[in-house]
Amino acid sequence: MKKQAYNYFKLQAERNNESKQHSGELTRLFPSESEIPEKFRLNSNLDWQRILINGQITPWKGALTEVFSPIYIRKGDSLDRKRIGSYPEMTPLVASKALDSASRAFSSGKGKWPLFAVSKRIESIEMFLERLENQKENILRTLIWEIAKPYHELEDEFERTKQYIEQVIKVAYQKEKDSLLPRREKGIMGFIHDEPYGIVLSLGPYNYPLFETFSLVLPALLAGNVVIIKPPKFGVLFFDFLLEAFQDCFPPGVVNIISGDGKKIIEPLMKSGEVDILAFIGSAETANRLINLHPRKNRLHSLLGLGAKNAAIVLPDADLDVVVPESVLGALAFNGQRCAALKIFFVHQKIEEAFRERLLETVSKTSLGMPWMEKVRITPMADPERIPYLHELVTDALNKGAKIGNKSGGKSLESIFVPTVLYQLNSKMRIYWEEQFAPIIPVVSYHDLKEPVAYLSNSPFGQQLSIFGTKTQTLIELINLVKNQVSRININTKCQRGPDLFPFTGKKDSAHGDFSISNILNYFSSKAVIAARETELSEALFQSLQEPKNLDIKQRS
Ligand code: G3H
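Criteria and thresholds
Residue positions within a chain follow its written sequence, with the count starting from 1. Selection of residues for local features in this predicted model requires a pLDDT of at least 70, selection of side-chain atom pairs for listing and counting requires 80 or more, and totals for whole chains, interfaces and linings are taken over all residues. The basis for every side-chain value is the complete set of heavy atoms in the structure, and neither hydrogens nor water enter the calculation. Each helix is a run of H or I in the DSSP string that is no shorter than four residues. Each strand is a run of E no shorter than two, and both are numbered from the N terminus. To get the radius of gyration, use the C-alpha atoms; to get the globule rule, take the number of residues to the power 0.38 and multiply by 2.2 Å. By definition in these notes, contact holds between two residues if any of their heavy atoms fall within 4.5 Å. Note that accessible areas follow from Shrake-Rupley with a 1.4 Å probe, and for residues the cover is restricted to the protein chains shown. Positive: Lys, Arg. Negative: Asp, Glu. His and the chain ends are not part of the count. For charged residues, the charge sits on one atom: NZ in Lys, CZ in Arg, CG in Asp, CD in Glu. In this scheme, strands are said to pair when DSSP sees at least two bridges between them. Comment: axis = line fitted to C-alpha atoms, over the contacting stretch for helices; angle = value between 0 and 180 degrees taken between N-to-C directions. Grouping buried Ala, Val, Leu, Ile, Met, Phe, Trp, Tyr and Cys residues that are joined through side-chain atoms within 4.5 Å yields what is termed a nonpolar core. The classification of residues rests on relative accessible area computed with a 1.4 Å probe and restricted to protein chains. Under 20% of the type maximum is buried, over 50% is exposed, and intermediate values are partly exposed. The method works on a 1 Å grid over the protein atoms by themselves. A cavity is a set of points holding a 1.4 Å probe that cannot get out, a pocket is an open set with protein on both sides within 12 Å along at least five of seven lines, and residues with an atom within 4 Å of a point line them. Grid points are joined across faces, edges and corners, and a volume is the space filled by probe spheres set on the points. The nonpolar class holds Ala, Val, Leu, Ile, Met, Phe, Trp, Tyr, Cys and Pro. Asp, Glu, Lys and Arg form the charged class, and all remaining residues, Gly among them, are polar. An automatic or database domain assignment is the source of the domain bounds shown.

### Re the overall build of the protein
Part 1: Scanning the protein from terminus to terminus reveals 19 helices and 25 strands.
Part 2: At 25 Å, the protein has a C-alpha radius of gyration in line with the 24 Å of a compact globule built from 557 residues.
Part 3: Summarising its shape, the C-alpha atoms of the protein cover approximately 90 × 65 × 40 Å along the three principal directions.
Part 4: The long-range fraction of contacts in the protein, counting pairs at least 24 apart against all pairs at least 6 apart in sequence, stands at 74%.
Part 5: About 23000 Å² of surface is accessible on the protein, with carbon and sulfur atoms providing 50% of the total.
Part 6: Looking at charge distribution, the protein has the averaged site of its 71 positive side-chain charges lying 3 Å from that of its 65 negative ones.

Right under this line is the structure:
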């Protein structure tokens, strides 16, 4: 298919020769077919034409959604968008079958899976992890083409996913062990244990289609729920490699996968009122729309990872040797397509020029290219359709007095958006407030800390903040001023989710719930208590309750 994407660069190219030269350079970033390394070639298209519902894998005969890679293929001077496959464009009817199948599998908590001992659920999940490992190369190769994430980052994502689940399994064991000890307080004794909620609808994001899908889905299953997974818009094809694993590792109906137009297939599910938990990572707008469709809002529980516009505050005494590399990593890793990316920099005016010079030098050395290149940082954007929006943000800032610091900043070609350092910014500009989710580095020069502090209070987001400085007392004062605005303050380091044992959450419109290893299971189960006065009869009853034949709590140890 010939490219359809917005081509700002070519518009510019018509205006001047310099742009033509840049256009040529950017064109050459894309590979010709023969330049694609053998290991990363897709030898055939990935046409996913099967569905998994109610434990059955059946051929899909309905409409398909075609998938095109953000990696264009160079042919002479032109670029073609590469078709890499297709997936089932399911109808609301098929989605409702998935819901019925999930509902039967849960059967108000009387289904096979929710009644399984935790140790048995763990066995299934460990078996699934092994099957996932067997598909590693297929999955990573597919993801390279779907979202153009650098290969080494995909490898990290894969390992992180496995480690996350292995550690959640340990937490599950411990929780079960703890639940075996009756608690005693004020003459009342009680068994306190976890019970699943029911049907989880899981919607992960395209920037971490593997980690942020499985770090929701597998804990949800571990807790005894059943799931309906809707893969993200990009990063969907690899699910085809896992259908047999889902079928073999879990009882029928426990895992259901739906794909297609989210509006068409997700909205009816929410409207049915049958979804118990919405596990969602994406925009607050979409989350609110979905939640509002649910007719029984008190029944619906939500675990939400939403937008963020994490700021960095660079104090006048900051060590630029530390600030600059952390800033570049924080802003540009995976093209800035991370919710935790640094998306605005407040730099004290005393060092703003020095910071900018060093920043520009480092940005100029940042390597642009294809995701299989070693040490590549900037790759094609997973969603090239967002590039016109990025130009809007840059143009708006330039019209209001901002400047672009780097020579090629503000340029794009098809899916490549060149890292762009914007400075001389003020609060009238859209980039000051809006989440770019892209390799744009906005730098604001401040003379009074009141400006970044006010920014944090006025921002709708509240995920994380980075503070760079070397004076302990100043750091303490600033921490105290802003600690109620964000959920994590990073000192002399970029913002990030990891280590995954740390709480990962957000204030205001940034999150609802905590995605950490330690806490994730709490969002997928509710506490159930059996309580009685401490009498001889109760002691005998509790003793018997622990017997496997009477209550499955004991079996789970
Ligand atoms: O997209 C948001 C990610 O969850 C943040 O995680 O800091 O590992 O990129 P990260």
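### Examining the sheet that holds strand β7 (residues 188–196)
Part 1: Here we have three strands laid out as an open sheet, ordered β6-β7-β25, and antiparallel in their pairing. What marks the edges here is a single partner per strand, and that holds for β6 (183–185) and β25 (525–533). Pairs of neighbouring strands in the sheet enclose a mean axial angle of 35 degrees, with direction left out of account.
Part 2: Pairing of β6 with β7, which is carried by three bridges, proceeds in the antiparallel orientation. Bridge pairing in β7 links R183 to G190.

### Some details on the nonpolar core
Part 1: Counting 117 residues, the largest nonpolar core has F128, F214, L221, F246, F250, L278 and F524 as its most contacted members.
Part 2: With nine residues, the single largest contributor to this core is helix α7 (residues 151–179).
Part 3: When sequence neighbours within four positions are dropped, the list of residues in contact with L221 reads W113, R121, I125, V226, V227, F250, V254 and V255.
Part 4: The next biggest cluster of nonpolar side chains, apart from the first, holds 31 residues, and it includes F346, V394, L465 and I467.

### Quick notes on the layout of surface pockets
Part 1: Within this model, the largest pocket holds a volume of roughly 1000 Å³.
Part 2: As for the largest pocket, its lining consists of 33 residues, and the residues nearest its centre are Y206, I281, G282, S283 and T286.
Part 3: Its residues assigned to classes, the lining of the largest pocket comprises 15 nonpolar, eight polar and 10 charged.
Part 4: Taken domain by domain, the lining of the largest pocket gets at least three of its residues from each of domain 1 (53–58 + 88–305) and domain 2 (310–509).
Part 5: By volume, the second largest pocket is sized at about 490 Å³.
Part 6: Along its surface, the second largest pocket is lined by 21 residues, and R160, Y208, R338, K494 and Q496 are the ones closest to its centre.

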